[in-house]
There are 2 protein chains.
Amino acid sequence: MSNDQIITLAHGAGGEAMQQLIDKLFLKAFNDKPLRQKEDQARVPLAELHAKGNRLALTTDSYVVSPLFFPGGDIGKLAVCGTLNDLAVGGAQPLYLSAGFIIEEGLSLTLLEEIVYSMAKTAKEQGVSIITGDTKVVERGMADKLFINTTGVGVIPQSIQLSAANARPGDKILVSGFIGNHGATVMLARDNLGLHSDLQSDCAALYPLINQLLLQHTHDIRCIRDVTRGGIGGVLSEIAQASNITIELDEVALPVRSQTRGICELLGLDPLFLANEGLAVFVVGPQHAETVLQLMQQHPLGQHAQIVGEVTAFSINHLHLKTRYGARRIVNVPYGLQLPRIC
Amino acid sequence: MSNDQIITLAHGAGGEAMQQLIDKLFLKAFNDKPLRQKEDQARVPLAELHAKGNRLALTTDSYVVSPLFFPGGDIGKLAVCGTLNDLAVGGAQPLYLSAGFIIEEGLSLTLLEEIVYSMAKTAKEQGVSIITGDTKVVERGMADKLFINTTGVGVIPQSIQLSAANARPGDKILVSGFIGNHGATVMLARDNLGLHSDLQSDCAALYPLINQLLLQHTHDIRCIRDVTRGGIGGVLSEIAQASNITIELDEVALPVRSQTRGICELLGLDPLFLANEGLAVFVVGPQHAETVLQLMQQHPLGQHAQIVGEVTAFSINHLHLKTRYGARRIVNVPYGLQLPRIC
């Protein structure tokens, strides 16, 4: 397709233009067998799934991030990594993705191609197939350039029983890396701020790290959650609520890049609630927390991992922060949050 | 939730407001066990799926229909029926759905509730569970009220082998009812036309009809496709291409409501390319086409079914129309189509 083409309403209307877009862009980029068969649904053998575990995992996310490209990623990479991470934190091996595109009339075809090939590359690196899709085009002004929905299918091995309801007093809270990088990066990438830094989004697929840890510590790891919208504060509050426990976080132990901290201070934001897209928290039994941490730090996705807190009590259902000055305060999840359209 | 509330950016930001929306609206309406567990992914036992067949079917669609409500349906009902139909036409029993909402800031909460409960009702009627979901909110003017993505999971029984590539000369083409009703209805529901009628969208889930026909005619039915964007002309062209055959349609046999025909004549549209949302075409072996037709006509979803054409030759890869005046012409699928945002 030539460089100066744009998406028109015809590309979403079910006629020849849409068929051409499907054939020349989506089928070429994704190039998976069930997709090439062009049936109304992709079909995969259940025996192959069943050989990998005993539960199917299903998760969906729509991505509306603005801008579409940011340091460390783009909406396509994000749409693959984000959904794969939601499978991986349940202990599932991610296998298949669907992809639904809502495109604003007038989007550059070159830009769409770049995003689609970014999705294809990320999926391929993770051994995941994009097997079914959908394209809709809406009139100018009726969407903001491009929204992508991905739905992921994975399989959870029988031995794995992760749940946000599993945390108990004494458990340690581990975080796999620096907090807040994605949120700070996207904020800086928006035109209207005028700040500059070399911060990058942490956008990454976490299955390789999670899988290695689970293989060696299946029963010591109680719960894994990826930290996205809502930040580490949001996700730990959810775990505290699901397990009916109190978590105490140690502010000094939290890995925050100095640039992220600087942006937060400048703009009055709290890194506890900044979004991430390649970060997970782990709740680990006390006996093996140090071993799990060391393993994590040896993996490229967990080099900056830290133990950042512990479960202190049953039945309180709160998140506490021990500040750098030794005081303790309750962390309340804000009603709304700091940034819209971060993922 | 009170009547005068609207959706704000906070409802999509991952904080307390989003949790309240999830708890008070989505969990209440959909109320399925995997959803209530509020993990990052829904989990379902693979053994239960495997007991129903040997292939998993996966399909996705984003719904951007305008207006959100139209005679015979709304975007919620459409988002459930449309995706279930894409499973059913592959012979799959639809089992699970994911639901991803992209909401424009300022949408009435009452309106969202009405749509969400319409989805819940339609899914329940079809015995399907909505087991995982996602909510994003974008700023005013960055989306048109509401877009919904649904991804469907079903299982195909071992005995069923449907494919658009299966049609062969002599096969009959059956259509399950009137063509073009959805397209004509949505067109009339748009403010700017000023025409009135009692036409209704055919929006319906077709699995009950398809399942009954497949149970009795597993091997006589070669291919089923639901007729949506692109109309019957679009879908039969796809079958002709996939099977490398010529299909001849009989214009006189095509079931078209007089009101749909009238709207088409007035606006210069072709009912062959008008959208439908509860209609399927069946390619059936010649020996059993009449029996399948009679069975179809006995079912509420197939009362107006007709045999509308046949496969006439291999290797030509065309769709022909025998007009009401006896002439034959090649039907070319338009580059774009008549209406944007019909589903």
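The shown structure was predicted, so the numbers you read here are calculated from the model rather than taken from an experiment.

The rules behind these values
- Here, residues in each chain are numbered from 1, in the same order as that chain's written sequence.
- Chain A is the first chain written and ligand 1 is the first ligand written, with later ones labelled in order.
- It should be noted that, the model being predicted, local features are given only for residues of pLDDT at least 70 and side-chain atom pairs only at 80 or more, the latter also being counted only at that level, while totals for whole chains, interfaces and linings use all residues.
- To obtain the side-chain values, all non-hydrogen atoms of the structure were used and water was disregarded.
- Secondary structure elements follow DSSP: runs of H or I of four or more residues count as helices, runs of E of two or more count as strands, with numbering from the N terminus.
- Any two residues having at least one pair of non-hydrogen atoms within 4.5 Å are treated as being in contact.
- Here an angle of 0 to 180 degrees is reported between the N-to-C directions of two axes, which are lines fitted to C-alpha atoms, with helices fitted over the stretch in contact.
- An angle counts as roughly parallel when it lies under 35 degrees, as roughly antiparallel when it exceeds 145, as roughly perpendicular when it falls between 65 and 115, and as oblique in every other case.
- Left-handed is the label given to a crossing in which the near helix is rotated counterclockwise from the far helix by less than a right angle, and right-handed is the label when the rotation is clockwise.
- Counted as salt bridges are all cases of a side-chain nitrogen of Lys or Arg within 4 Å of a carboxyl oxygen of Asp or Glu.
- Working definition: with a 1.4 Å probe on protein chains only, accessible area under 20% of the residue-type maximum means buried, over 50% means exposed, and in between means partly exposed.
- Reported buried area values correspond to the accessible surface (1.4 Å probe) lost by two parts on association, with both partners' losses combined.
- Whenever a nitrogen or oxygen atom comes within 3.5 Å of another N or O atom, the pair is scored as a polar contact, on the condition that within protein one atom can donate a hydrogen and the other can accept it, and that pairs from neighbouring residues in sequence are kept only if both atoms are in side chains.
- In this count, Pro and Cys sit with the nonpolar residues alongside Ala, Val, Leu, Ile, Met, Phe, Trp and Tyr, while Asp, Glu, Lys and Arg are called charged and the others, Gly among them, polar.
- Any two strands between which DSSP finds at least two bridges are classified as paired.

Engineer: Sorry if this is basic, but what is going on with the environment of Thr 228 of chain A here?
Structural biologist: Residue and element names in this part refer to chain A. As for its position among the elements, Thr 228 is in the loop between strand E9 (221-226) and helix H8 (231-243). On a C-alpha basis, the gap between Thr 228 and Asn 85 in space is 10.0 Å, while along the polypeptide they are 143 residues apart. Apart from the residues within four sequence positions on either side, Thr 228 is in contact with Leu 274, Ala 275, Asn 276 and Glu 277.

Engineer: Explain the packing of helix H6 (residues 181-189) of chain B against helix H9 (residues 258-267) of chain B to me, please; I cannot follow it from the model alone.
Structural biologist: When two helices pack together, their arrangement is given by the angle between the helix axes and by the axis-to-axis distance. All names here are of chain B. Remark: H6 packs on H9, axes separated minimally by 10 Å, with the N-to-C direction vectors making an angle of 60 degrees. When the axes of H6 and H9 are compared, the pair comes out oblique. In this structure, H6 meets H9 at a crossing whose hand is left-handed. Within the contact between the two elements, H6 uses Asn 181, Ala 184, Met 187 and Leu 188 and H9 uses Thr 260, Ile 263 and Leu 267.

Engineer: Can you walk me through the pattern of salt bridges in this structure?
Structural biologist: Should their charged atoms come close, side chains of opposite charge can pair. Per the stated rule, a full pass over the model turns up 32 salt bridges over all chains. Put simply, Asp 61 of chain B and Lys 136 of chain A hold a salt bridge, and the shortest N to O gap is 3.3 Å. Of this pair, Asp 61 of chain B sits in strand E2 (residues 55-63) while Lys 136 of chain A sits in strand E6 (residues 129-138), placing the two residues on different chains. Residue classification places Lys 136 of chain A among the buried positions, given a relative accessible area of 3%. Residue Lys 172 of chain B is joined to Glu 310 of chain B by a salt bridge in which the shortest nitrogen-to-oxygen separation is 2.6 Å.

Engineer: I would appreciate a short explanation of unusual backbone geometry in the present structure.
Structural biologist: For residues that are not glycine, phi is negative in most cases, and the peptide bond is trans in most cases. Cis geometry marks the peptide bond from Ser 66 of chain A to Pro 67 of chain A, where omega comes out at 0 degrees. Within the secondary structure, Pro 67 of chain A sits in the loop between strand E2 (55-63) and strand E3 (69-70). The backbone phi angle of Lys 145 of chain A is positive, close to 70 degrees, even though this residue is not glycine. The phi dihedral of Lys 38 of chain B falls on the positive side, at around 55 degrees, and the residue is not glycine. Here Lys 38 of chain B is to be found in the loop between helix H2 (33-36) and strand E1 (42-45).

Engineer: Is there a simple way to explain the interface of chain A and chain B in this structure?
Structural biologist: Buried accessible area, meaning the area lost when the parts come together, often serves as the stated size of an interface. If you look at the interface, chain A gives 79 residues, while chain B gives 79 residues. Summing both partners gives a buried area of about 6,300 Å² for chain A against chain B, and 56% of it is carried by carbon and sulfur. Counting across the chain A and chain B interface gives ten salt bridges. We note a salt bridge from Arg 225 of chain A to Glu 39 of chain B, for which the minimum N-O separation is 3.3 Å. At the junction of chain A with chain B, the criterion picks out 46 residue pairs in polar contact (both at pLDDT 80 or more). Looking at the side of chain A that touches chain B, its residues break down into 37 nonpolar, 25 polar and 17 charged. Pairing analysis gives four bridges linking strand E1 (residues 42-45) of chain A to E2 of chain B, with the strands arranged antiparallel. For Val 44 of chain A, the partnering residue across the bridge sits in E2 of chain B and is Leu 56 of chain B.

These results come straight from atomic positions and should not be treated as a statement about function.
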